[in-house]
Amino acid sequence: MNDGKRRSYLPDVDEKHLLDLLHHNSDWVWEVDAQGRYTWVSGVVHELLGYEPGYVIGRTPFDFMPPGEAERVGAAFSDIVAQQRPFSGLVNRNMRADGQIVVLETSGIPLFNEKGELTGYRGIDRNISNLGERVLQLETIYDTTPVALCMLDLDGRLVMSNKAMNGLLDITQEQASDCFLGRIMPDVWHQFQNDFIRAESGAEILGREIIWRERCYDTQPVALYNASKRVVGLSVTWVDITARREAEQKLASANQVLQQYAQRDHLTGLYNRRYMDECLINEIQQAVDDHFPLSVCLVDIDYFKRYNDNYGHQSGDNCLRAVAKALVSSQLRPEDNVSRYGGEEFLIILPRTDRNGALAIAERLRENITALNLPHVASPTASLTISIGVATLYACQSLPPNIPLHFIASDLIHHADTALYAAKNRGRNQVVAMPETVSTGSVHNAR
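These figures come from a predicted structure and were not determined experimentally.

Draft legend 1. The arrangement of the overall build of the protein chain in detail. Looking only at helices and strands, one finds 16 helices and 17 strands in the protein chain. At 43 Å, the protein chain has a C-alpha radius of gyration far larger than the 22 Å of a compact globule built from 447 residues. Projecting the C-alpha coordinates of the protein chain onto the three principal axes gives extents of approximately 130 × 50 × 40 Å. Counting over 447 residues, the protein chain shows a buried share of 40%. Within the protein chain, contacts between residues separated by at least 24 positions form 54% of all contacts whose residues are at least 6 apart in sequence. As displayed, the protein chain offers around 24,700 Å² of accessible surface, 52% of which is attributable to carbon and sulfur atoms.

Below, the structure written as structure tokens:
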């Protein structure tokens, strides 16, 4: 339908009737030139601002706003004029002639001459004072909150963004209106595109952590819907959690150090008895599952009390460190574990090791300590020696049903201790395994 046909359906309105509609309406109709000066205003301006139309002509909208408001709205309107685009919903405070504040919602369209040059704007102002103050308060809260907030349309354009969000993206307010997230954060935008798909399908949109310019943000997207319940955008909250993540990492590191201290003997640096008790239970479970033998060696420094009495406790500590170092450096496998089991006793756990293999390792440990040639005048050998008791669990044999693993571990240590006691009774400085099989129920230690 052409313009002529459309006009034929419009009722004839004389100039007096048209002016009456403009001057006696709830909305204030106006025109401004390219510099923003009023060139025509309807009579409603008197009702809204308390000024006669003649007083308003030649002035700008910002002449009727408080200074701070004039600056804010002026910046927004300058951006609109620069783009020569229509606008709507521009909420602003104005000061009436009597000093009262009235809140207006302004909308307008650009005007052009025959050459396509911008000549001004035509628009309307609507009084929304009852709602406007609340809207302005919410806008102020939105804009000044330290949490970064933005609204994205389906193309990834920043429909809205507050100061914190602009700071996050390192853009100005003017740049924000022409900002597309896909250009700045292509990988992040791809994730938000998936959120649109999830929202359309009715699935829940989950938050995620995003690393941007060495900062960590917790983002929470929320889908926005139109009246037809179609997804039209995302409202996204960006909370900077960098400091929290750094604190968590420091706490995790501190906990790791504490855990290491809890597992280690402070004097020798070896694993302590508490940790090795847990380790032994785990190794027994593995031996039972895989049907492999498991051996332990219980080591005791010979005549250590005499050593302490003769050389002093400081020398005794140095002796313990030297023995610990020698045990660890005795060509043990990575899966073998050495611990200080208490006082002058050390425990070596040897997974996948049968009785003969354990005896060979124990003999090597004994020889390495002898090779230290540490003087021990209170010992019959005149040098430091150790005694070792060996016990082996053959998990391929039948084990009692439902027996707790710590019972098996205790039984295994008991047999190693019995063998160690025998070594001491036989003169020390030797390795002993019991000559016969010792059993607790069906738990066996082959000798």
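Draft legend 2. Region of the structure containing the pattern of salt bridges. All told, the structure shown has 23 salt bridges when counted by the stated rule. The partner of glutamate 31 in a salt bridge is arginine 122, and the shortest N-O contact between them spans 2.5 Å. In this pair, glutamate 31 sits in strand β1 (residues 28-33) while arginine 122 sits in strand β5 (residues 118-127), placing the two residues 91 residues apart along the sequence. Its relative accessible area of 39% is what places arginine 122 among the partly exposed residues. When the shortest N-O distance is used, the salt bridge between arginine 333 and glutamate 335 registers 3.7 Å. Residue class for arginine 333 comes out partly exposed when judged on its relative accessible area of 28%. Taking the relative accessible area as the measure of exposure, glutamate 335 reaches 36% and is therefore partly exposed. Through salt bridges that share partners, Glu209, Arg244, Arg245 and Glu248 make up one connected network.

Draft legend 3. Quick look at helix α10 (residues 186-200). The end-to-end C-alpha separation of α10 is 21 Å, in line with the 21 Å expected for 15 residues at 1.5 Å each. For α10, the full list of buried residues reads Val188, Trp189, Phe192, Asp195, Phe196 and Ala199. The arc enclosing the buried residues of α10, seen along the axis, measures out at 100 degrees, which places them on a common side. Away from its buried face by more than 90 degrees, α10 exposes Asp187 and Ile197. The secondary structure elements touched by the buried residues of α10 are β6 (148-153), α9 (181-184), β8 (208-212), β9 (215-225) and β10 (231-240).

Draft legend 4. Region of the structure containing the environment of serine 253. Relative to the helices and strands, serine 253 resides in helix α11 (residues 242-263). Note: C-alpha distance between serine 253 and valine 239 (14 residues apart in sequence) is 24 Å.

Draft legend 5. Quick peek at the sheet that holds β1. Taking strand neighbours across the sheet as the criterion, the 5 strands line up as β2-β1-β5-β4-β3 in an open arrangement whose pairing is antiparallel. A strand with exactly one partner marks an edge of an open sheet, and here the two such strands are β2 (38-41) and β3 (87-95). With strand direction ignored, the average angle separating the axes of adjacent strands in the sheet is 30 degrees. In this sheet, strand β4 (residues 101-112) lies alongside β3 in antiparallel orientation, the contact comprising 7 bridges. Paired with asparagine 92 across the two strands is leucine 104, which belongs to β4. Most of the contacts of helix α5 (residues 67-83) go to β3, to which it runs at about 155 degrees, and overall it touches β3 and β5.

Calculation rules
- Just so you know, the residues in each chain are numbered from 1, in the order the chain's sequence is written.
- At least 70 in pLDDT is required for a residue's local features to be given in this predicted model, at least 80 for side-chain atom pairs to be given and counted, and no such filter applies to totals for whole chains, interfaces and linings, which use all residues.
- To obtain the side-chain values, all non-hydrogen atoms of the structure were used and water was disregarded.
- The way it works is that DSSP assigns letters per residue, a run of H or I at least four long becomes a helix, a run of E at least two long becomes a strand, and they are numbered from the N terminus.
- Every radius of gyration here is taken over C-alpha atoms, with the globule rule written as 2.2 Å times N^0.38, N being the number of residues.
- Partly exposed describes any residue whose relative accessible area lies between the buried limit of under 20% and the exposed limit of over 50%, with all areas from a 1.4 Å probe on protein chains only and scaled to the type maximum.
- What makes two residues a contact is simply this: any of their non-hydrogen atoms within 4.5 Å.
- Only the protein chains shown count as cover for residues, and the accessible areas themselves come from Shrake-Rupley with a 1.4 Å probe.
- Only one rule defines a salt bridge in this text: a Lys or Arg side-chain nitrogen within 4 Å of an Asp or Glu carboxyl oxygen.
- Expected span, for any helix, means 1.5 Å times one less than how many residues it has.
- The arc in question is the one spanned by the directions pointing from the helix axis to the C-beta atoms.
- Strand pairing requires that DSSP identify at least two bridges connecting the strands.
- Think of each axis as a best-fit line through the C-alpha atoms, taken over the contacting stretch in the case of a helix, with angles from 0 to 180 degrees between the N-to-C directions.

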